Structures are given as C-alpha cells and as structure tokens.
Amino acid sequence: MASDMTSDTFLASKKISDEIKADLSVNPQKYTMLTGDRPTGRLHLGHYFGTIRERVRLQDEGVTTRIIIADYQVITDRDTTEHIADNVFNMVVDYLACGIDPAKTIVFAHSQVPALNQLMLPFLSLCTEAELLRNPTVKAEQEASGHALTGLLLTYPVHQACDILFCKGNIVPVGKDQLPHIEQTRQIARRFNERYGQVFPEPHGLLTDAVEIPGLDGRKMSKSYGNAIALSATAEETAKLIKKSKTDSERFITFDREGRPGVSALLTTAALCTGRTEEEIAAEIGNDGSGALKKYVTEAVNGYLAPIRERREELAANPDYIREVLAEGNRRANEIADATLNEVREAMGMVY
C-alpha cells in the first residue's frame, strides 16, 4: 500500500536493498534496472552525483539497464511542453557524455512507446481511489505545484508501474521518499499475477547511498531554484554561478550544514568533485575566507567536469547521431513493450 512509510517498512526495504547490492556484483545478469528523469530542463550536478554516476556503474557491471525520458510526466504538474524537444535532445547528450553506453543501455522516450502506456488501463483497475490519494509523493508534488490535482498526477504512481513493469524491471534506484511508489508497483504486479496468472516480477527499490548535493544557496539543488550547476554549463558560466553563491560574513571556513548552509553547500560540492571530506577542505582554507573557498570549488568542479564537457561538445556537434540513439532506443523499447502487452492480453484472455 502506498502510504507514509513506517520505520519497520523502511528497515525491511533497506534490508532487501542491501542484500541486492551485495548480489549485484556477483550476479548482475539477474537484474533489470529501470530508471529515468523528467525532461523539465538541463541535467545538473545533483542529477550526476545523485543517480547518473550510479547508473553508469551498474550498466558497466553488466546489469540490464533501461532509461526512460519521462516526457509525458512533465505535464503532471506543468501547463506547457514548450521546450520539451530541446530538453529531451540535451538529456540524451548529457547521458552519453556521462558514460551511458547506448550499446548496453536502452534510452527511450515515454511518449514514443504506445504499448507501455496501454498497460495503464489494466493497471488502473488494480488500484483503489483511496490508494492513489494516499501516495505521499503525489501529495507533495501537488502542494509544490500549487495546481489542482490532475488525473495524470493522481495516477503518476501507476504510470511509474507501467514504466518499470513493461520491461520486467526488478530493481529501481530510489531515495527513501520514493519507496511508496515501488510498493504501489509491487502491489499492482502482485494483484495482476493473482488475478490473471504470473506475468510480472515484484520489483524492489535499490536505496541510493548518494549524498544529496545541495544547491549553491544551501537548499536542494534544483532547476526551479536556479541554484544548480548544469552539466552543459561552460567553465566560465560555472565560475560566475559559484562566485554569486551566498556565503556569510564569518571569515574562518568551517563545515556546519545547519548553521552555515551556503558555505557548507560549497564544501560538499568540492568534496564530491575531489573525493576529499568537507572538513579537510575547510581546514585547508581556514582563515582565507569565502573568496578562497569559491576559487577552490570552481577549480574542483571545472576540473571534474572537463572530460564530460569535452565529450558533450563532440556529441552535441553531431545531432544526427543523438537522434539515431533515441530512435534506436525507442525501437527497442517498443519491441519489449509490444511483447509484454501481448503477454498481458493472453493472460487476460483478450486475444481475438
């Protein structure tokens, strides 16, 4: 049931997640991972350290990997698709620049796979209205958007179940707050199998260990807050953004996430890009103040992103190749979705 998680439920989910992590490097072929992003703007450092780096690692370990560009889900809480084609194109460029390999990983767009979306109808019949209304992520998204609750936002967790189950995904990398979505997907798979026969696996959430990289103002890094360093930003744009970031009047640099959010956000950014700890960096800068800290962070970020940016530039200069990657990903996703939908129809006795 998708509801606020009790500590017992979370501990049980964490135990399973830890067991899967231990098994992944030994038996990667047992796992199919579905993950993805909404194309609402450019991907940034938060996305990279939060999820993309881990996707690349699991792909390279041999886990079957599917990445969905969730374009239909953009309109759950937005009134326009004005920049969506550009966002989708640049998302593919970012993925490839960061190490996603289209020979190993299928990258596809939600709207281009009709059979995936056709799973919505049988799946909706397996959920009650109360279960949909109880999902905490739906509530949070609605409050954040300030919109009336649309039918699409209400059924967002069912869309996600379609995304995961169309390719028989059995692991989904998530943060703790997304576990209710996974539980709802498991429930849909279980109810379908009980009612019509075994078709779907019951997927598990793979809890991510990633540090949430703060934005340049100490809040969560987000495109909507304007506090994010985009992967597509130039070294000069990055330097400007970091220079403008808020610190405080205290000269001596210390790491204190609660008391000094701006300074601490910069230290965390530098720590992720250098592999050092925030405390080490703070001690090194000491009394040199926020100017020295910003210089250090700028060099760390630009140094880390240099090879990604170089690759990105090469890829963006070849738009036909990017379109080919997405077209081939869409083709392969359609093959999988058509086969799954045929299985579903057979299980339901709907082959005429």
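Let us look at the structure shown here. (Residues numbered from 1 in each chain as written. Predicted model: local features only at pLDDT ≥ 70, side-chain atom pairs only at ≥ 80, totals over all residues. Heavy atoms only, no water.)

## Re the overall build of the protein chain
And then number 1: Each helix and strand in the protein chain was counted, giving 15 helices and 5 strands.
And then number 2: For the protein chain, the C-alpha atoms occupy an extent of roughly 75 × 50 × 45 Å along the three principal directions.
And then number 3: Looking at the protein chain residue by residue over its 352 residues, the buried ones come to 50%.
And then number 4: By sequence separation, contacts in the protein chain at least 24 residues apart represent 77% of the contacts at least 6 residues apart.
And then number 5: Surface accessibility of the protein chain: about 16300 Å² in total, with carbon and sulfur atoms responsible for 51%.
And then number 6: Each charge sign in the protein chain was given a centre, from 40 positive and 50 negative side chains, and these centres are 1 Å apart. (Helix = DSSP H or I, 4+ residues; strand = E, 2+ residues; numbered from the N terminus. Buried < 20%, exposed > 50% of the residue type's maximum accessible area, 1.4 Å probe, protein only. Contact = heavy atoms within 4.5 Å. Areas by Shrake-Rupley, 256 points an atom, 1.4 Å probe, with all protein chains shown as cover. Lys, Arg positive; Asp, Glu negative; His and termini not counted. Charge placed at Lys NZ, Arg CZ, Asp CG, Glu CD.)

## Focus: unusual backbone geometry
And then number 1: Phi at lysine 168 is positive, roughly 55°, even though this residue is not glycine.
And then number 2: Mapping lysine 168 onto the fold places it in the loop between helix H9 (156-165) and strand S4 (171-174).
And then number 3: According to the relative accessible area criterion, lysine 168 is partly exposed, its value standing at 25%.

## Brief notes about the pattern of salt bridges
And then number 1: Evaluation of the coordinates by the stated rule reveals 22 salt bridges.
And then number 2: Between aspartate 60 and lysine 104 there is a salt bridge, and its shortest N-O distance comes to 3.5 Å. Of this pair, aspartate 60 sits in helix H2 (residues 45-61) while lysine 104 sits in the loop between helix H3 (84-98) and strand S3 (105-109), and the two are 44 residues apart along the sequence.
And then number 3: Residue lysine 104 is classed as partly exposed on the basis of its relative accessible area, which comes to 42%.
And then number 4: Here glutamate 343 ties to lysine 168 by a salt bridge, and the two come within 2.9 Å at their closest N and O atoms. (Salt bridge = Lys/Arg side-chain N within 4 Å of Asp/Glu carboxyl O.)

## Details of the packing of helix H11 (residues 235-244) against helix H14 (residues 289-316)
And then number 1: H14 packs onto H11 with a crossing angle of 150° between their chain directions and a minimal axis gap of 10 Å. When the axis of H11 is compared with that of H14, the two are roughly antiparallel. As for the relative orientation of H11 and H14, their crossing is right-handed in sense. On the side of H11, the interface is formed by Ala235, Thr238, Ala239, Ile242, Lys243 and Lys244, while H14 contributes Lys294, Val297, Thr298, Val301, Asn302 and Arg309.
And then number 2: Residue classes in the contact of H11 with H14 are distributed as 5 nonpolar, 3 polar and 4 charged. (Axes fitted to C-alpha atoms, helices over the stretch in contact; angles between N-to-C directions. Parallel < 35°, antiparallel > 145°, perpendicular 65-115°, else oblique. Left-handed = near helix turned anticlockwise from the far one by under 90°. Nonpolar A, V, L, I, M, F, W, Y, C, P; charged D, E, K, R; others polar.)

## With respect to the packing of aromatic side chains
And then number 1: On inspection of all chains with the given rule, the structure shows 7 aromatic pairs.
And then number 2: Between phenylalanine 108 and phenylalanine 166 the ring centres are 5.5 Å apart and the planes differ by 65°, which places this aromatic pair in the edge-to-face class. Placement of the pair is phenylalanine 108 in strand S3 and phenylalanine 166 in the loop between H9 and S4, with a sequence separation of 58 residues.
And then number 3: Classification of phenylalanine 108 by relative accessible area gives buried; the value is 0%.
And then number 4: Using a relative accessible area of 1% as the deciding quantity, one classes phenylalanine 166 as buried.
And then number 5: Aromatic side chains phenylalanine 192 and tyrosine 196 sit 4.9 Å apart centroid to centroid with 50° between the ring planes, which places their arrangement in the tilted category. Note that phenylalanine 192 and tyrosine 196 are positioned in helix H10 (residues 179-196) at a spacing of 4 residues, about one turn of the helix.
And then number 6: Phenylalanine 192 gets classed as buried once you look at its relative accessible area, which sits at 0%.
And then number 7: Three or more aromatic residues link up through ring pairs in this structure, and these residues are Phe123, Phe192, Tyr196 and Phe200.
And then number 8: Directly above the aromatic system of phenylalanine 10 lies the positively charged group of lysine 176, at a separation of 4.6 Å from the ring centroid. (Phe/Tyr/Trp six-rings, centres within 6.5 Å; stacked < 30°, edge-to-face > 60°. Lys NZ or Arg CZ within 6 Å of the ring centre and 35° of its normal.)

## Remarks on the pairing of strand S1 (residues 32-37)
And then number 1: Counted residue by residue, S1 has 5 buried out of 6 residues, so it is predominantly covered.
And then number 2: Pairing of S1 with strand S2 (residues 64-69) involves 6 bridges; the strand directions are parallel. Its bridge partner lying in S2, aspartate 37 is registered against isoleucine 69.
And then number 3: Regarding the hand of the β-α-β motif, the stretch spanning S1, H2 and S2 is right-handed. (Pairing = 2+ DSSP bridges. Right-handed = clockwise from strand over helix to strand, strands pointing away.)

## Comments concerning the environment of cysteine 273
And then number 1: Inspection of the secondary structure assignment puts cysteine 273 in helix H12 (residues 261-274).
And then number 2: In this structure the C-alpha to C-alpha distance between cysteine 273 and threonine 32, which are 241 residues apart in sequence, comes to 29 Å.
And then number 3: Contact partners of cysteine 273, with chain neighbours within four places excluded, come to Phe49, Ala300, Val301 and Tyr304.

## Details of the nonpolar core
And then number 1: Counting 49 residues, the largest nonpolar core has Leu45, Ile69, Val92, Tyr95, Leu293 and Val301 as its most contacted members.
And then number 2: Breaking this core down by element, the ones donating at least two residues are H2, S2, H3, H12, helix H13 (278-285), H14 and helix H15 (319-347).
And then number 3: By residue number, the principal contributor to this core is H3, which donates 9 residues.
And then number 4: If we skip the residues at most four places from it in the chain, isoleucine 69 touches Asp37, Pro39, Val88, Met91, Val92, Tyr95, Val107, Phe108, Ala109, His110 and Leu326.
And then number 5: Listed in part, the 36 residues of the second largest apolar core include Phe10, Ile106, Met120 and Leu126. (Core = buried A, V, L, I, M, F, W, Y, C linked by side-chain atoms within 4.5 Å.)

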